[in-house]
Amino acid sequence: MTTATRRLAALVVAIAMIGAAIGIRSVLDDDAGTTRSTGGPLRLLCATPLETACDELASRTDVRVTVAPEGESVATLSQVADDDIRDLGYDGWLTFERDVQIVRDARERAALRPVVGAPSAAIGRTPVVLGVWKDRAEVLAQQCPGVGWQCLADVAGTAWTDLGGDTRWGSVKPGHADPGDYGEGLAVIGQAAATLVGRTDPSRDDYADDAFLERFGRIERAVPSGLTAASSPFARMLTAGPAAFDVVATVEAEAGPLLARASADRRDQVDLLYPAPVATLDVVFAPVVGADGADDLRTVVTGDDGRAALAAAGYRVPGETPARGVPATPALPDTSNLPGAGSLVALLETRREITG
Amino acid sequence: MMPRSHVRAPRAGRRTTAALLAAATLLTGIATTAIPAAAQSCVTVDIASSPEKLELLTDLATRFGRSDAADVGGRCIDVRVTRASSGAAATLLAASWPKPAKNGPRPVIWSPAASTWGAVLDQRRAESGKEAYVTTPGTSFMLTPLVIAMPQPMADAIGYPATPIGFSDVLALSQDPTGWAGKGHPEWGPFRLGKTNPNFSTSGLAQTVAQYYAATGKTTDLTLEDLARPEVDAFARGVESAVVHYGDTTLTFLNNLYRADRRGDPYGYASAVAVEEKSVVDYNRGNPDGILDPGEQPRKPRVPLVAIYPKEGTLFSDNPLIVLDAPWVSNAEATAARAFTKFVTSAKNQRRVLEYGFRPGNPAVAIGKPITAANGLDPSQPQTTLEVPTPAVLAGVIDQWNQVRKKARVLLVVDVSGSMGDEADPRTGATKLDLAKRAAIAALDQFQPEDEVGLRIFSTEISDREPTDYRDLVPIGPISANKPDLEREIERLKPTQGTPLYTAAEDSYSFMREGFDATRINAVVLLTDGRNEDPRNEDLAGLLSALRTTTEGESTTPVRIFTIAYGNDADESTLKRIAEATNAAAYSAVDPATIVNVFNAVVSNF
C-alpha cells in the first residue's frame, strides 16, 4: 500500500469514527432528556451560593448553567414585564425557598403575571452556623451563657479589652455575607432577627421596636464593611485569621466543607456552632412559566444528578452521602424556622436604614 | 438579562468542540498540514497586575498555559501579564483605558494590590457618570498585611515585640524633635519615615488611611467630617513632615535601604517604612525589590528588617483577580479569565504563592515558611484590622493628603544637548526634546501650589558667562507664581551642544544644598538623553563620592537626585549610580513615547 493510499484510508476511518462518536453522543443526549423540545440545552439559572452544586450538575449533565447572585435575580425576575418572560432565556431557577416567594409576592403586588411556577419541595437543606475562633469563644463564654445572637447583640463592636480579651484583638467583629445579594446572608440576619424578637415569625412591626433596633443595629454596625469584597467572609476568616472576623455566620454547606479542607493550623482553632433554634436554608427548583424545558429541567435537577450535586456541594440531602465536613447532627427542624418572605424583605429595609 | 452573571458551557458543547478539535488535529496530522491556526485561535487574557506580584503571576500564567486547564470551549488560553501600579491602573480604567498602544493592552483581569482600588475606581467612574467596571467581586487569591518595617535594632529600641506598637506610636516618634536621641541612639539622627504616594501605591493609601485613623483615635467609621477636623489636619501635616520623600512604589525605599545597609549605614536613610509583609520577606532574603535579575545573587542584609503589626490593626492587600465588566471584554475572555482564576486558587499553586512570601488565599494551604519569626515576621499576627473606609471617604483621604503632604523644592534640570533634536516620532516628526517638553509641562500639574519649582538647562558652552555649562531659566519659586514662566521657558527650549552631565549634576546638587529647606523635600530632577561629553570634568568617582558623603550618616540636608534616562543613548548605568548615591531613584524612558508616564512617576516622589 502506498503512503498516499494509507493516508486516504486513515482519513476515511477517522471521518467514520467522528460520525459515529457524534451519533452516539446525540443518542446519549436524547436519553438524558437534557435538551429542550425546541432544541438546545436546558437552561438553569443558579444562585451564587449554589455555584459549586451547579458546576457539578453541569459536569454530570448537559444543562447550561448561568450563575448570578440571588439579589440580582430576585430584582430582575420581580420586574420583568409579562411580555418579556419568554425572552428570559431560562427554563428554571435553582435557589432558596424564600427567594421564590419574594419574587412571587413582588409580582403579585405589581399586578404582573407569575414568572416562576410553584417551587419543588426542598431538594437540599443546610443549617445556619456560627464559626468562631476558640480563643475568642472562651472570652465570650465569660460574658454570655452561650455564643449566639443574644450574646453578639450584647458585645458586637465592644473592645475586647473590656471583655477580658487581648489588647491587640481590637473590637468584636462579626461577619456575614451581604444579605441583599446572597441567600446565606439573608438567612443569617433572618435567624438573628427571629432570635432577638423571640419568635420565628417576626413581623415588620417587630423591626420598628427600639430595643430590637438597638440590638440588631449593634451587630450590623460592627460588621466590617470593607472585607467582604473579594471572598466570602468565612473564607476570609480562615485565610486572614482573626484579624478579619472574630465570628462569622454562614451556612453549614459553606463552612463545613471549607473547614474540613482547611489546614490544621486554622481548622483546629475554629468552632462551628449551631445557634438555637436551628434555622435552615432550603434549596428549591422553580420552573420559569412557559419555558419549554421547565418540566425536563425539573426532572434533572430534582433527580439523582441534582440531588447528588447538592450533596457534594455540602447540602444535606436525604439518602445521599454527605460531603466531607457535613455532620449528621444536629437534626434539622421540619420547617426552616426563618421569617417569611415578606418579613425578610422588611428586615432588609430595616438593615439598610441602620447601616446606611 | 443579567450582565453580572457568568455562564457554564453545557457538557455536550464542550465535548463536541473538543472532539472536533481532536479530529481536526488528527486530520491535519495525517495530511501533514501545519496548524498555526490553533495558536492564532487562542483566547488572550491580558492582566494588569500591580508590580509586587508581577513575577509570581507571570510564572503562574506560564504554568497555566502548559496545563490542561488553559481551555475554553476547545480553544487554548494565552494569559499575558503586564505591570500597572494599582493607582495608575485605576486612573486609566476611570478614563476607560485610553490609548492601549501607549498605556498597554486593555485588561480582561485587573489585579490591583487590594480590593479597595476596585471601590475607588467605581466611585470615580460614578462621579463622572460612567458605568461601573467592577460589578462582581474579584477573587482574592492571596493576602499580605501592611506592616511597619524597621531595622531590627530600631524596633528593639522602642521595645517591640514586648511592647505592642501601633501607627500612633510610630507617628508620634516621627514628630519627636529629639529623634532617636530620645531612645538612647543619637547616632541614628532624626526619625525618618518612608512612605509612598497614595495616588499611586496601595501601601501609601493604606498607610495614609491608618494615619487618619490614628489621628482620630478611631478604628472604624472614618468620615469626611473627621478628615476636616483641625487637629486631624495638624496631626497629618506633622507626620508628613518626617517623610524622606514619596514615590510610586515601596521598592524604591527598600532598594535604597538595602544599598545603605551594604555600605554599612543601615540607619541613615529611613527609620520605618510602611510596606507589605511580603516585602520584608524579600528584603531579608537579600532581594529587596523581589525580582532577581539575570546573574543577580541574593545577599542577606547586615541588619534585617522586622515587621511590626500595628496594635490598633492594619489593612490587608488581598490581591483580587477582578474580571472587568468592561465593553472590551468578550464572553470568551471572561470565561477564560475565570479558568485562570480557578487554576491560581488551586492548592498546588497556592503553595507557590507562599514561596513568594504571600499568605495563601486558599485556606487549605497552611501559612508556613517563609512567613516565620526567623524572617522577622509573626504568622499569628495581625489580630485585628482597621475598617476600610467607604469609597467616598477613601477619595477624601487622597484629596486631603494632596493638601497636607510634605511640600517640595525641586529643580528641573533638562539636557538640551544637540542629540535632543533627534527625531523621536516618525509619524509627527517630533524630536526627543519636543516630547520631553510636553511631558514636563504636563507634569507641572501634579505639583501643589505651595511647591517650589525652578528650571535649569544644561549643555556645553550654553552660556557666555561662568558657569558656561548650564543656565537657570526660571529661579526656584512657588509654582503657583512660576508656572506660566516654566511653561513658556520649557516651550522655548532648543537643542544645542554637548552634555556636561557630571558638572550639571554636581552643581545642581550643591545649589540645592545651599538653599536647603528642612520643611520640604529637596530634589533635583535630572533628564538627559546622553552621556557625559565634557573633557573638563570626567571624574565620575569624585562626583559619586561627594554625593554619598553628604547624603549618608546624620546629614540633615539630604538632597535627592531623581534621574531620567531618556532615549536609547542615555547613560542609564551612570544615572542609576548618581540617583542611588543620593538615595533617590533612577527612571528610564528608553522609549521616548513613555516620557509622560515616566515624568508622572518621578513627580510622585513629591
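Residues numbered from 1 in each chain as written. Chains lettered and ligands numbered in written order. Predicted model: local features only at pLDDT ≥ 70, side-chain atom pairs only at ≥ 80, totals over all residues.

A.B. asks: Would you mind going over the overall build of chain B with me for this structure?
C.D. replies: The number of helices and strands found in chain B is 22 helices and 21 strands. At 25 Å, chain B has a C-alpha radius of gyration in line with the 25 Å of a compact globule built from 606 residues. Along the first, second and third principal axes, the C-alpha set of chain B runs to 80 × 65 × 50 Å. Relative to its 606 residues, chain B shows a buried fraction of 53%. The long-range share in chain B, meaning contacts at least 24 apart out of those at least 6 apart in sequence, stands at 76%. (Helix = DSSP H or I, 4+ residues; strand = E, 2+ residues; numbered from the N terminus. Rg over C-alpha atoms; globule rule 2.2 N^0.38 Å. Buried ≥ 20, exposed ≤ 12 C-beta atoms within 10 Å, placed from the backbone. Contact = placed C-beta atoms within 7 Å.)

A.B. asks: Would you mind showing me how to read the overall build of chain A here?
C.D. replies: Each helix and strand counted, chain A has 16 helices and eight strands in total. Burial status across chain A gives 53% buried among its 356 residues. If you take every contact in chain A between residues at least 6 apart in sequence, the share linking residues at least 24 apart comes to 72%.

A.B. asks: What's the story with unusual backbone geometry in this structure? I'm lost.
C.D. replies: Residues other than glycine predominantly adopt negative phi, and peptide bonds predominantly adopt the trans conformation. With an omega dihedral of 0°, the bond running from Thr329 of chain A to Pro330 of chain A counts as a cis peptide bond. Positionally, Pro330 of chain A belongs in the loop between helix H15 (304-312) and helix H16 (341-355). Between Tyr160 of chain B and Pro161 of chain B the backbone carries a cis peptide bond, its omega angle lying at 10°. Structurally, Pro161 of chain B is set in the loop between helix H7 (152-157) and helix H8 (167-174). Of note in the backbone geometry, Asn337 of chain A takes a positive phi value of approximately 65° without being a glycine. Locating Asn337 of chain A in the fold gives a position in the loop between H15 and H16. You will see that Asn583 of chain B, though not glycine, has its phi angle at about 55°, which is positive. If you trace the backbone, Asn583 of chain B turns up in the loop between helix H21 (572-581) and strand E21 (586-589). Residue classification places Asn583 of chain B among the buried positions, given that 27 C-beta atoms sit within 10 Å.

A.B. asks: Could you clarify how one ought to interpret the sheet that holds E21 of chain B in this entry?
C.D. replies: Strands pair in a sheet through their backbones, by hydrogen bonds, and they do so in one of two ways: parallel or antiparallel. Residue and element names in this part refer to chain B. Strand order in this open sheet of six strands is E18-E17-E14-E19-E20-E21, and the pairing throughout is mixed. Strands at the two margins of the open sheet, each flanked by one partner only, are strand E18 (470-478) and E21. Pairs of neighbouring strands in the sheet enclose a mean axial angle of 15°, with direction left out of account. The pairing of strand E20 (residues 559-566) with E21 spans four bridges and is parallel. Bridge assignment links Thr563 to a residue of E21, and that residue is Ala586. Sitting on the sheet, helix H19 (residues 501-514) is in contact with strand E14 (407-415), strand E17 (452-458), E18, strand E19 (520-528) and E20, with an inclination near 165° to E19. Against the sheet, helix H22 (residues 595-603) contacts E19, E20 and E21, and its axis sits at roughly 165° relative to E21. (Pairing = 2+ DSSP bridges. Axes fitted to C-alpha atoms, helices over the stretch in contact; angles between N-to-C directions.)

A.B. asks: Help me out: how do you make sense of the nonpolar core in this one?
C.D. replies: The nonpolar side chains of soluble globular proteins are, as a tendency, buried together. The biggest cluster of nonpolar side chains holds 215 residues, and the ones touching the most others in it are Leu44, Cys54 and Leu94 of chain A together with Val45, Ala149 and Ile308 of chain B. With nine residues, the top contributor of residues to this core is helix H8 (residues 183-197) of chain A. Apart from the residues lying within four places of it in its own chain, the contact partners of Val45 of chain B are Ile77, Val79, Val108, Ile109, Glu333, Ala336, Ala337 and Phe340 of chain B. Listed in part, the 64 residues of the second largest apolar core include Leu412, Met420, Leu435 and Phe562 of chain B. (Core = buried A, V, L, I, M, F, W, Y, C linked by C-beta atoms within 7 Å.)

A.B. asks: Would you mind going over the packing of H19 of chain B against helix H20 (residues 540-551) of chain B with me for this structure?
C.D. replies: Any two packed helices are characterised by the angle at which their axes cross and by the distance between the axes. Residues and elements named next belong to chain B. Close contact between H19 and H20 brings their axes to 10 Å; oriented N to C, the two are set at 20°. Here H19 lies roughly parallel to H20, going by the angle between them. Of the two possible hands of crossing, H19 and H20 adopt the one that is left-handed. In contact with Tyr502, Ala505, Glu506, Tyr509 and Arg513 of H19, H20 contributes Leu540, Leu543, Ala546, Leu547 and Thr550. Residue composition of the contact of H19 with H20, grouped by class: seven nonpolar, one polar and two charged. (Parallel < 35°, antiparallel > 145°, perpendicular 65-115°, else oblique. Left-handed = near helix turned anticlockwise from the far one by under 90°. Nonpolar A, V, L, I, M, F, W, Y, C, P; charged D, E, K, R; others polar.)

A.B. asks: Help me understand helix H12 (residues 250-262) of chain B in this model?
C.D. replies: Think of an α-helix as turning once every 3.6 residues; residues three or four places apart then point the same way. Residue and element names in this part refer to chain B. Along its 13 residues, H12 runs 19 Å from first to last C-alpha, staying within 8% of the 18 Å computed at 1.5 Å per residue. Burial within H12 is extensive, with ten of its 13 residues counted as buried. Those residues of H12 that are buried are in contact with strand E8 (193-194), helix H9 (202-216), strand E9 (272-276) and helix H13 (277-285). Just downstream of H12, Gly264 is the residue with a positive phi angle, here 90°. (Expected span 1.5 Å × (residues − 1).)

A.B. asks: Help me out: how do you make sense of the sheet that holds strand E4 (residues 75-83) of chain B in this one?
C.D. replies: Residue and element names in this part refer to chain B. With mixed pairing, the six strands of this open sheet are ordered in space as E3-E4-E2-E5-E12-E6. This sheet does not close on itself; its edge strands, each paired only once, are strand E3 (71-72) and strand E6 (139-140). In this sheet, strand E12 (residues 320-323) lies alongside strand E5 (residues 109-111) in antiparallel orientation, the contact comprising two bridges. If you follow Trp110 over to E12, its bridge partner there is Ile322.

A.B. asks: I would appreciate a short explanation of the pairing of E12 of chain B in the present structure.
C.D. replies: As a general feature of sheets, a regular strand has side chains that alternate between the two faces. Residues and elements named next belong to chain B. Both faces of E12 are covered, namely the face carrying Pro320 and Ile322 and the face carrying Leu321 and Val323. Summarising the sheet, E6 and E12 pair through two bridges and their orientation is antiparallel. Within E12, the residue paired with Thr139 across the bridge is Leu321.

A.B. asks: Is there a simple way to explain helix H11 (residues 233-240) of chain A in this structure?
C.D. replies: Residues and elements named next belong to chain A. For H11, a buried count of eight out of eight residues is recorded, marking the element as mostly surrounded by other parts of the structure. All buried positions along H11 are accounted for by Pro233, Phe234, Ala235, Arg236, Met237, Leu238, Thr239 and Ala240. Directly beyond the C-terminal end of H11, a positive phi value near 80° is found at Gly241.

A.B. asks: Help me out: how do you make sense of the confidence of the model for chain A in this one?
C.D. replies: Atomic detail in the predicted coordinates should be set aside for any region of low pLDDT. Taken as a whole, chain A shows an average pLDDT of 90; of its residues, 88% reach a score of 70 or greater. Note that pLDDT drops below 50 for residues 22-32 of chain A; the model gives that stretch ten contacts with residues more than four away or on any other chain. (pLDDT = per-residue confidence, 0-100.)

A.B. asks: How should the packing of H9 of chain B against helix H11 (residues 230-240) of chain B be read in this particular structure?
C.D. replies: All names here are of chain B. Running from amino to carboxyl end, H9 crosses H11 at an angle of 130°, the nearest separation of the two axes being 9 Å. Of the possible angle classes, the one that applies to H9 and H11 is oblique. Of the two elements, H9 crosses H11, and the hand of that crossing is right-handed. Residues Gln211, Tyr212, Ala215 and Thr216 of H9 pack against Val232, Phe235, Ala236 and Val239 of H11. Residues of the contact of H9 with H11, tallied by class, amount to six nonpolar, two polar and no charged.

A.B. asks: Just checking my understanding: could you explain the pairing of strand E6 (residues 247-251) of chain A for this structure?
C.D. replies: Residue and element names in this part refer to chain A. Counted residue by residue, E6 has five buried out of five residues, so it is predominantly covered. Because side chains alternate across E6, one face comprises the buried residues Val247, Ala249 and Val251, and the other comprises Val248 and Thr250, equally buried. Sheet topology note: the strand E4 (residues 124-133)/E6 ladder contains five bridges and is antiparallel. Its bridge partner lying in E6, Val128 is registered against Val251. Sheet topology note: the strand E5 (residues 174-175)/E6 ladder contains two bridges and is parallel. Within E6, the residue paired with Pro174 across the bridge is Val247.

A.B. asks: When you look at the environment of Ala95 of chain B in this model, what are you seeing that I'm missing?
C.D. replies: Within the secondary structure, Ala95 of chain B sits in the loop between helix H4 (86-94) and helix H5 (100-103). It is 9.4 Å that separates the C-alpha atoms of Ala95 of chain B and Ser128 of chain B, two residues lying 33 residues apart in sequence.

A.B. asks: I keep staring at the confidence of the model for chain B and nothing clicks. Help me out?
C.D. replies: Residues and elements named next belong to chain B. Residues at a pLDDT of 70 or more form 93% of chain B, whose mean pLDDT is 87. Per-element confidence in chain B ranges from a low mean pLDDT of 40 for helix H1 (residues 11-30) to a high of 98 for E5. Confidence drops under a pLDDT of 50 for residues 11-39, and excluding neighbours within four residues, the segment shows 32 contacts in the predicted structure. On the interface metric, ipTM, the complex scores 0.79, and its pTM is 0.80.

A.B. asks: Help me understand the environment of Asp485 of chain B in this model?
C.D. replies: All names here are of chain B. Secondary-structure assignment places Asp485 in helix H18 (residues 479-492). You can call Asp485 partly exposed: it has 16 C-beta atoms within 10 Å. Between the alpha carbons of Asp485 and Phe253 there is a distance of 33 Å; along the sequence they are 232 residues apart.

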